[in-house]
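Residue-level listing of the chains:
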Amino acid sequence: MSKLVLKNGRLVIPGQGIFEADVAMENGKIVAIGQGLSGDEEISVAGKFVLPGLIDPHIHLGIFGDLAEEMEKETASALMGGITTVGAFMGGPNPYMSYFKDVIDLANAKAVADVFFHLAIMTPEQQSEISTYANELGITSFKMYMSGIPGLIPDVDDGFMLQTLEIVAALGDKAIVCVHAENPHLIRIATEKVRARGSETLADWADTHPNAAEEDAVRRAAYLNDLAGSRMYIVHVSTAESVKALAELKPRYPKLFAETTSPYLSIDKYSPLGLVAHMIPPFRDTESVDALWQGLASGLLDTVGTDNVTLTLDLKGAEKGIWGAMPGYPAVGTSLPVMLNYGVNNRGFDLIRLVEVMSKNPAEIYGLYPRKGTITPGSDADLVVVDLDLVKTVRHEDLGSRADFSLYDGQELRGWPIMTIKGGKVVVKDGQMVSEATGQFLKRSL
Ligand SMILES: [Zn+2]
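Residues numbered from 1 in each chain as written. Predicted model: local features only at pLDDT ≥ 70, side-chain atom pairs only at ≥ 80, totals over all residues. Heavy atoms only, no water.

A. Molecular detail of a negative patch on the surface. On the surface, Asp66, Glu69, Glu72 and Glu436 cluster together into a negatively charged patch. Along the chain, glutamate 436 falls in the segment after strand S17 (432–433). (Patch = residues over 30% accessible without salt bridge, like charges linked within 9 Å, V, L, I, M, F, W, Y side chains within 5 Å. Areas by Shrake-Rupley, 256 points an atom, 1.4 Å probe, with all protein chains shown as cover. Salt bridge = Lys/Arg side-chain N within 4 Å of Asp/Glu carboxyl O. Lys, Arg positive; Asp, Glu negative; His and termini not counted. Charge placed at Lys NZ, Arg CZ, Asp CG, Glu CD. Helix = DSSP H or I, 4+ residues; strand = E, 2+ residues; numbered from the N terminus.)

B. Quick look at the sheet that holds strand S11 (residues 232–234). One open sheet accounts for eight strands, arranged S6-S7-S8-S9-S10-S11-S12-S13; its pairing is parallel. The outermost strands of the open sheet, each flanked by one partner alone, are strand S6 (54–60) and strand S13 (303–305). Pairwise comparison of adjacent strand axes, ignoring direction, gives a mean angle of 30 degrees for this sheet. Relative to strand S12 (residues 256–261), S11 runs parallel, the two being bridged by three bridges. Within the sheet, the bridge partner assigned to methionine 232 lies in S12 and is leucine 256. (Pairing = 2+ DSSP bridges. Axes fitted to C-alpha atoms, helices over the stretch in contact; angles between N-to-C directions.)

C. Structural view of the pattern of salt bridges. A complete count under the given rule lists 24 salt bridges for this structure. Each of Lys29, Asp114, Arg371, Lys372, Asp380, Asp382 and Lys422 takes part in salt bridges that share partners, so that together they form one network.

D. How the structure looks around helix H4 (residues 130–137). Looking only at H4, the buried set comprises Ile130, Tyr133, Ala134 and Leu137. An end-on view of H4 places all buried positions within 115 degrees of arc, on one side of the element. Of the surrounding elements, those touching the buried residues of H4 are helix H2 (100–110), strand S8 (114–120), helix H3 (124–128), strand S9 (141–145) and helix H5 (158–169). Two residues or fewer after H4 comes glycine 138, characterised by a positive phi angle close to 75 degrees. (Buried < 20%, exposed > 50% of the residue type's maximum accessible area, 1.4 Å probe, protein only. Arc of directions from axis to C-beta. Contact = heavy atoms within 4.5 Å.)

E. Fine view of the nonpolar core. If you look at the biggest cluster of nonpolar residues, it comprises 110 residues, and the most contacted ones within it are Leu51, Phe100, Phe117, Leu119, Ile234, Leu296 and Leu354. The contacts of phenylalanine 100, once residues within four sequence positions are left out, are Met90, Phe117, Leu119, Leu137 and Ile139. Counting residues in each nonpolar core, the second largest holds 19 residues, with Val45, Val50, Leu383 and Val385 among its members. (Core = buried A, V, L, I, M, F, W, Y, C linked by side-chain atoms within 4.5 Å.)

F. How the structure looks around the coordination of the zinc ion. All of the protein donors around the zinc ion are His58 (NE2), His60 (NE2) and Asp307 (OD); their distances to the metal are 2.0 to 2.1 Å. If you list the donors of the zinc ion from N- to C-terminus, the spacing comes out as H-x1-H-x246-D. One end of the pair, histidine 58, is in strand S6; the other, aspartate 307, is in the loop between S13 and helix H11 (313–316), and 249 residues separate them in sequence. A residue is classified by how much of its surface remains accessible, and aspartate 307, at 5% relative accessible area, is buried. (Donors = N, O, S within 2.8 Å, 3.2 Å for Na, K, Ca; no water.)

G. Structural detail: the pairing of strand S2 (residues 17–26). In this structure, strand S1 (residues 4–13) lies alongside S2, joined through eight bridges in antiparallel fashion. Looking at the pairing, leucine 11 lines up with phenylalanine 19 of S2. Two successive antiparallel strands, S1 and S2, enclose a turn made up of three residues, where glycine 15 displays a positive phi of approximately 85 degrees. Direction of pairing for S2 relative to strand S3 (residues 29–34): antiparallel, over a ladder of five bridges. Its bridge partner lying in S3, glutamate 26 is registered against lysine 29. The turn linking S2 back onto S3 is made up of two residues, and asparagine 27 within it adopts a positive phi angle of 50 degrees.

H. Structural context of the environment of glutamate 215. Positionally, glutamate 215 belongs in helix H8 (residues 211–228). Glutamate 215 gets classed as partly exposed once you look at its relative accessible area, which sits at 22%. For glutamate 215 and alanine 240, which are 25 residues apart along the polypeptide, the C-alpha to C-alpha distance reads 9.0 Å.

I. View of unusual backbone geometry. For the peptide bond that leads from isoleucine 280 to proline 281, omega is -15 degrees, which places it in the cis range. As for its placement among the helices and strands, proline 281 is situated in the loop between S12 and helix H10 (286–298). Put simply, tyrosine 369 and proline 370 share a cis peptide bond, and its omega is 0 degrees. Non-glycine residue asparagine 8 carries a positive phi angle of around 60 degrees. Relative to the elements of secondary structure, asparagine 8 occurs in strand S1.

Function cannot be inferred from these measures alone, as they are strictly geometric.
Below, the structure is given as structure tokens:
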């Protein structure tokens, strides 16, 4: 394979800073960083920022569509958005040893970004197979829903959760439990109140999942995790109250990590999107949006994912009201431009911190660092080149997803990826796929 050199970019290297230098890549790896490097192919990116390939630690695949198709298309959408690795949450009632090797084969055959999996643990059979999932499948992260998704995923109770945490703790510090932290009992009584008043706006939907339901579950999950001695990652934190709780919890519990998502950082419950933005947890008020940005800057929140679910407007069913609309939206293709526009350009959010929360931290938390998450000789040659001043209007047709809408359709965003390099090859340029990319399943070890 020939040697590719990116010339004169401004390399954003987490933990070190921003340096103007060349990067040389060969055989899928970064081989050198320095001045005056030469290669078989040289591309000037002078004045542009070069980031390590981003990691979206939280997407879903194949929930409403064909898994093989989404494995290919939605990972292509990720690449077009500068995301070269995705963490996909997978789950169902059956024990995973019965079929999951086929899912891994499918990822190796179809995915164009690299993929690692998190497995939902919701039955005693699955719980009893956890060490086998780690040792035989190379999957070391697991997910529990303290509050499930009605009709799709059951809640787990605190006893089941503590048992699972103890099993994962025994695997050592490379394994981790991800938690959807909401209290289903508080949701139930809040839902009854909203039903009784009859109004069905996006803000009403927010009232069905009160901020207190998230805060209570975050505190309880952190406590149980400490009892078990496991590592824990709270997915999609959405409220100011949870950020405040994390300020108390994180100094006491060093094995506690927390994620928010780019939609929660950019959309509130008064959005004109209405029920197209129907989601669990729901969009909140502007105070929570501000608190999430502060928590991300201060280190209380560790990562930014998307919770991407590929949907069509027809399946979404916004016209069915808050009780009939489907939660979820596509977001993997817009995550980076949203963070650049709303964060770096509008709020002065630090670009180095952006690389930490969108690349280095997910790589470290999920056992992929330094193969992923940084720019250094020996790392995978996954890079994204960013133009902070490029202004483009979002059109879902340009994002490469099967979805027929975006939460940001028609919005002008400033700051976009202009090139994605995957495995040492330019695969996306100026928003277009320009060559075939190959992704693979990332097997992790304990
Ligand atoms: Zn999710």
